[in-house]
Amino acid sequence: FPDTPLFRPAQAVAQAVAQATAAPALPPPAVATKAALAWSGGAGAEVDPVSLAAIQSFMQAGDLAGAADPVRDGIEGLLASVPCARLQTVFDPATGGLELRGHLPEAGLREPVLVALEAQLGGAIPVTDDLRILPRPQCGALAGIAAVGLPQSEAQERNPRVMGEGAFARVYEFAEGDQLRFELQGPDYPAFFYIDYFDAQGMVLHLQPNEYVPLGAVGVKEVLQIGAAGAAGPSLDIRVAPPFGQEIMVAFAASEPLYEGLRPISEPAEPYLAALKGAVAAARARDPGFKGEWVYFFVETRAR
């Protein structure tokens, strides 16, 4: 995977705050009334110009011919400035607040990132977070996964109130001795699923396909059970054991098989992702109508 520089909170966040405080102090334009009617933040809250610009950028993205673009650009830049992280903001007009979602490589980065984001938004928009910690090498593995050449499965581009990189689809929590079980839904086309578990040691465990579980086609939006309980066919029975922590499970969907034969049931993640990238490129060369996508899930394991 590409080398990831260590994040230096003091320097990086200071730069982010400097950029945030430079947000345009826009006088309330006529359209502010329209934006305010759609926003139900605290009735007694004083909406400062920076917050007003941020509210407009979420409520009417694309309608304000550049007026709100510096605010959105500043937020996007801040979210992208934290190495080995995937951060996403979701604006909720019902509460007038912004939630920061995703994961960071270390807990010490949470507070400086929130401070920088609050400076970017002004004082009228409360900021909360639902952040997880995903340490290296898993957070670095996501760069290799994204580089495979398939789009991440998400609907974010249709929602102007969501900004930042796509984060995990959901969180699975398991205790020691629990069986690893996941549920997936196929895309809107028949697909083949490659399901991989990336652990804290930089290895990948192939849940499907492998020598016990064959590669099979999944129907349009068909639900697929991964794990012995509820599975329609053969499945691995994997139990949670030490070391515990945060890991990720990734599902790659493709409209045609990506390679023949089987890979070792467990192998280093880096060469596997390089091979998968080549397989995707070859599939596109063979078939211009090739489709594919990927999604990942956050997995937390703990002692019982």
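Bear in mind the structure is a predicted one, so any value in this text is a computation, not a measurement.

Asks: Please clarify how the sheet that holds strand β2 (residues 97–104) should be interpreted in this entry.
Replies: Sheets are built from strands paired through backbone hydrogen bonds, the pairs being either parallel or antiparallel. Strand order in the open sheet formed by four strands is β3-β2-β1-β4, and the pairing between neighbours is mixed. Each edge of the open sheet is held by one strand with a lone partner, namely β3 (127–133) and β4 (162–164). Neighbour-to-neighbour, the strand axes of this sheet turn through a mean angle of 15°, independent of strand direction. Contacting β1 (86–92), β2 and β3, helix α5 (residues 110–121) crosses the sheet at an angle of about 150° to β3.

Asks: Mind showing me how you'd approach the packing of aromatic side chains here?
Replies: When we look at a pair of aromatic rings, we describe it by the centre distance and by the angle of the planes. As enumerated under the stated definition, the model contains eight aromatic pairs in all. Considering the side-chain rings of Y194 and Y259, the 5.3 Å spacing of their centres and the 45° angle between planes classify their relative orientation as tilted. Here the residue Y194 occupies a position in strand β7 (residues 191–198), and Y259 occupies one in the loop between β11 (245–254) and β12 (266–268), the gap between them amounting to 65 residues. Looking at Y194, the relative accessible area reads 0%, which means it is buried. Members of the aromatic cluster, connected to one another through ring pairs, are F168, W294, Y296 and F298.

Asks: I keep staring at the side chain of E247 and nothing clicks. Help me out?
Replies: Within the fold, E247 resides in strand β11. In this structure E247 is buried but unpaired, with R302 as the nearest side chain of opposite charge at 13 Å. Here the side chain of E247 touches Y197 through a polar contact of 2.5 Å, side chain to side chain. Within the structure, E247 has its side chain in polar contact with the backbone nitrogen of A200 (distance 3.1 Å). Apart from the residues within four sequence positions on either side, E247 is in contact with L134, Q138, Y197, F198, D199, A200, F297, F298 and V299.

Asks: Would you explain the nonpolar core in this entry?
Replies: Buried together is how nonpolar side chains tend to be arranged in soluble globular proteins. Residues I145, F198, F252 and L258 are the most contacted members of the largest nonpolar core, which totals 30 residues. Tallying contributions element by element places helix α7 (residues 269–286) first for this core, with seven residues. Among residues more than four places away in sequence, those in contact with F198 are Q138, A141, I145, M203, V204, E247, I248, V250, A269 and L273. In terms of nonpolar packing, the next biggest core, distinct from the first, is built from 24 residues, M249, A251, A253 and V295 among them.

Each value, and the rule that gives it
- Residues numbered from 1 in each chain as written.
- Predicted model: local features only at pLDDT ≥ 70, side-chain atom pairs only at ≥ 80, totals over all residues.
- Heavy atoms only, no water.
- Pairing = 2+ DSSP bridges.
- Helix = DSSP H or I, 4+ residues; strand = E, 2+ residues; numbered from the N terminus.
- Axes fitted to C-alpha atoms, helices over the stretch in contact; angles between N-to-C directions.
- Contact = heavy atoms within 4.5 Å.
- Phe/Tyr/Trp six-rings, centres within 6.5 Å; stacked < 30°, edge-to-face > 60°.
- Buried < 20%, exposed > 50% of the residue type's maximum accessible area, 1.4 Å probe, protein only.
- Lys, Arg positive; Asp, Glu negative; His and termini not counted.
- Salt bridge = Lys/Arg side-chain N within 4 Å of Asp/Glu carboxyl O.
- Polar contact = N/O pair within 3.5 Å; in protein donor to acceptor, adjacent residues only side chain to side chain.
- Core = buried A, V, L, I, M, F, W, Y, C linked by side-chain atoms within 4.5 Å.

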